[in-house]
Amino acid sequence: MTSVEVSTGSRDDDSEPGGYAAARLRLLNEKGRSGPPRRTALAELTDDWLATLFAAAAQEAGVSGASLVAVGGYGRGELSPRSDLDLLLLHDGRADAGALSLLADRLWYPVWDLGLALDHSVRTAAEARRTAGEDLKVQLGLLDARHVAGDLALASALRTTVLADWRNTAPKRLPELDELCRERAHRQGELQYLLEGDLKEARGGLRDATALRAVAASWLADAPREGLAEARRRLLDVRDALHLCTGRATDRLALQEQDAVAAELDLLDADVMLRQVSESARVISYAGDVTWREVGRVLRARSARPRLRRLFGGGHTVAPARTPLAEGVVEQDGEVVLALTARPEKDPVLPLRAAAAAARCGLPISLHAVRRLAAAAGPLPTPWPAEARDQLVTLLGAGESTVAVWEALEAEGLVTRLLPDWERVRSRPQRNAVHTWTVDRHLVETAVRASRLTRRVHRPDLLLVAALLHDIGKGWPGDHSVAGETIARDMAARIGFPAADVDVVATLVRRHLLLIETATRRDLDDPVTVRSVADAVGSTGTLELLHALTEADALATGPAAWSSWRGALVADLVKRVAAVLAGEPADPEPAAVTAEQERLAVEAHRTGGPVLALRARADGSPEEEPLGARLLVAVPDRPSVLPVTAGVLALHRLTVRTAELRAVELPDPVGGPVLLLEWRVAAEYGSLPQDSRLRADLVRALDGSLDIEARLAEREAAYPRRRGGQAPPPRVTVAPSASRHATVIEVRAQDVPGLLHRIGHALETAGVRVRSAHVSTLGSNAVDAFYVTDGAGVPLAPAEAAKVAGELESALGDASGPS
């Protein structure tokens, strides 16, 4: 634990700044006390110190009729180690400005001297009420106003009037508070799903819990209380630990701090801590959804009541309209509720029918309906009846509205009851910056994305169910695709699919990464690549579904996982595999040298040096995110062309996506071998460099006058790496039977500038030739594949391949450092 550093001064009396600081430090470093007891003790210690300061300062300034009031989190007695002190110096307006200024100085300066954050104001009760009426955040803080020192009656009167004002103006101010919560959620995201969420500001965080307290104080509505206090306590405990570990007033649970925070909380690991945060945020988020719907219902009823009295006279009531949606399911007042004739204990399909109806209509399920279904609905038979399966597919295919309905079912335990294997992925974090969501939300999000692709496939039902289950194996040890295949097979059979459909779902889950990994890491011109995918998929129908699932999965993962470049590579692979499955030969005709390539090759042979052509758009399309620039380089055959060219591209801040090398023998009368390198590159930022500058640096690098490694080292030194944890060590493996024409070596490493240059240099040192390179980057991780041969152009022997892989891994490991 990092001790909280507070200057202790030279005095030991707790009433003095030094004494308070020492006592505060002892409290925060006391191992036996944490959580609510420590927060309460810290608030009481601070109260005693401020009360002593106030008494002495009021006497010195000659001020009476004043009170020191704690507001906000301090007012609730919830002080975290680095919390602000929110204080209001309340006065009755009789003291002169000079005396009040002296009193304030004697209070604020000792707080500042200790380095504590302070949010302060000096107001009369009337000024405080007026400011609260103008600023909703001030009013929320005053709802937790608590007397610390001075005139108790003055502070009590303020609290009473502020509460009365809040209740009187709640019909107008609660919609404003609701909008603030929505805007904050849009800006900060959802804490229950985020890898690095803000414990305070994100949806389901501490500010939302405070907003629910304010709604309860209005007496218009109240939040579901089951688990709410415990969820709030857990988030406060995590924030306390975060403050202690970082020594800063931060609420963002950054990835590099999570292990230390988990250790401070005496938890097994960061995954356990993140799961607790997710569960707590889930409870608060769901309580907020239910509460704000109830607020809306109450406010609509209030606005309608005068009109109804005018229409029907006093004493008459009008029953709310109920619109049938499905058997046993109706809409009432903007929510899905159960029909009066519904019998959930005799209708086990009713939970799915209600959920499907709600998602299809874009409506929430009422809290009462979900709880009644959870309490009374019986279990579905195994296998499920056809109606239950159809309702699940309808629910999954409804699009964005599926998410809120699924959350409501999860909140009351209905999802786990329907799909018991869901429990292992529920709130499971994915500690990988590529992923936006927890595992369970990622699965639902993939189904949402897949719902937009159902017109592309012949079996939308299989696509949607496979989307929901594709990562279900992440709750089990080992390869999640392998474990997931077994689980998905069992779940699909339980859901009621026939055996042939179960096989398709299982194949989709087992192979859900096949297309994206093959397209970005393998040579698509190698017949072994296409044939292996065709053998794994088995049929054009499964290939069609797998293509859609691949896109939905990547889109639901995060922005780093999908682009038009990746999409084009996958589409090209699917086209080739479909041709093989249709009976066409897997061996493509060797690509002919184009006129441009021949022109560059002839020029390179004539000049004896490199020539190149850079095209800004590789595909000629007007897309916002093009496939990348196409760079053609021709150079007379010689060693080190790949690492040298990669180094020059790194110096010009070009990110390499693919690289392919090809030797061309020019015909007589020109004659002679020339290397053609085709690159797909993209600028890290800014515009592409000029062809002439690239060629000039390439000439200098090839003749040895440009020291690429020194230049890369200078650039790295000029931009120090951010503080963070140690990156995992690089891993180099040989992919067996991946090609008949070359040995495929895979490299997984931290993506840093010049990585491809270092890899190419190490491979040249090992005495092998690179035929092509396929570069893929996900977040900070590079996953690259190199097709290599020996000097004679044949694949390496297994022992030699293993030796090269080991040498490459060692070379990259020596060059790596903290990320």
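All residue numbers refer to position in the chain's written sequence, counted from 1. Given that the model is predicted, a residue must reach a pLDDT of at least 70 before its local features are reported, and side-chain atom pairs must reach 80 or more before they are shown or counted; all residues, however, enter totals for whole chains, interfaces and linings. Side-chain figures throughout are based on the complete set of non-hydrogen atoms in the structure, without hydrogens or water.

1. Points about the sheet that holds strand β2 (residues 85–91)
Sheet strands pair by backbone hydrogen bonding; their relative direction is either parallel or antiparallel. Note on pairing: DSSP must find at least two bridges between two strands before they are called paired. Runs of H or I in DSSP of at least four residues are treated as helices and runs of E of at least two as strands, each being numbered from the N terminus. Strand order in the open sheet formed by four strands is β3-β2-β1-β4, with mixed pairing between adjacent strands. Two strands bound the open sheet, and with one partner strand each, they are β3 (118–124) and β4 (146–150). Direction aside, the axes of adjacent strands within the sheet are offset by 25 degrees on average. Along the sheet, helix α5 (residues 125–134) contacts β2 and β3; its crossing angle with β3, the most-contacted strand, is approximately 120 degrees. Where helices are involved, their axes are fitted lines through C-alpha atoms of the stretch in contact, as for all axes, and angles between N-to-C directions lie from 0 to 180°. The contact criterion used is simple: two residues touch if any of their non-hydrogen atoms lie within 4.5 Å.

2. Points about the packing of aromatic side chains
When the centres of two rings from Phe, Tyr and Trp lie within 6.5 Å, Trp using its six-membered ring, the rings pair. Their planes under 30 degrees apart give stacked, over 60 give edge-to-face, and anything left gives tilted. In this structure the tally under the stated criterion is four aromatic pairs. The interplanar angle of 90 degrees and the centroid separation of 5.1 Å between the aromatic rings of Y109 and W112 together place this pair among those described as edge-to-face. Linking Y109 with W112, this pair stays in helix α4 (residues 97–113), spanning three residues, or about one helical turn. The buried label applies to any residue whose accessible area, calculated with a 1.4 Å probe on protein chains only, is under 20% of its type's maximum; exposed applies above 50%, and partly exposed to all values in between. Given the relative accessible area of 44%, Y109 is considered partly exposed. Look at W112 and you get partly exposed, because its relative accessible area is 36%. We call a charge positioned above a ring when the Lys NZ or Arg CZ atom is no farther than 6 Å from the ring centre and deviates by at most 35 degrees from the ring normal. The ring centre of Y74 lies 5.3 Å from the NZ or CZ of R146, which sits over that ring.

3. Remarks on empty space enclosed by the protein
Whether a set of points on the 1 Å grid over the protein atoms alone is a cavity depends on a 1.4 Å probe fitting there but being unable to get out, while an open set qualifies as a pocket with protein on both sides within 12 Å along at least five of seven lines; lining residues are those with an atom within 4 Å of a point. Grid points are joined across faces, edges and corners, and a volume is the space filled by probe spheres set on the points. Tallying each qualifying case throughout the model produces five cavities of 30 Å³ or more. The space that makes up the largest cavity amounts to roughly 120 Å³. Taken together, 16 residues line the largest cavity, and the ones lying closest to its centre are L191, L194, L195, L274 and T438. Think of it as three bins: nonpolar holds Ala, Val, Leu, Ile, Met, Phe, Trp, Tyr, Cys and Pro, charged holds Asp, Glu, Lys and Arg, and polar takes everything else, Gly as well. Broken down by class, the residue content of the lining of the largest cavity amounts to nine nonpolar, seven polar and no charged.

4. Digging into helix α23 (residues 540–557)
Here the expected length of a helix is defined as 1.5 Å per residue gap, with one fewer gap than residues. Taking 1.5 Å per residue, 18 residues should reach 26 Å; α23 reaches 26 Å between its end C-alpha atoms and fits that length. Of all 18 residues in α23, 14 are buried; the element is thus mostly enclosed. Looking one or two residues past α23, G558 carries a phi angle of roughly 160 degrees, positive in sign.

5. Quick word on the sheet that holds strand β7 (residues 335–338)
Read from one edge to the other, the open sheet built from three strands follows the order β5-β6-β7, with strand pairing classed as antiparallel. Taken across any chain shown, the strands that pair with only one partner, and hence form the sheet edges, are β5 (322–326) and β7. Between one strand axis and the next, the sheet turns by 40 degrees as a mean value, whatever way the strands run. Bridge analysis of β5 against strand β6 (residues 329–332) gives four bridges, and the strand direction is antiparallel. Opposite T323, over in β6, you have E331 as the bridge partner. Contacts between helix α12 (residues 350–361) and the sheet are confined to β5, β6 and β7, with β5 contributing the most and set at about 110 degrees to the helix.

6. Concerning the confidence of the model for the protein chain
The score called pLDDT rates the predictor's confidence residue by residue, from a low of 0 to a high of 100. The share of residues in the protein chain with pLDDT of 70 or more is 91%, and the mean pLDDT across the chain is 87. Summarising per-element confidence for the protein chain, the mean pLDDT is lowest in strand β10 (residues 654–665) (78) and highest in helix α20 (residues 499–510) (97). Note on residues 1–12: pLDDT is under 50 here. Beyond four places in sequence and across chains, it has 31 contacts. In the model, residues 618–626 has pLDDT below 50 throughout and makes 16 contacts with residues more than four positions away in sequence or in other chains.

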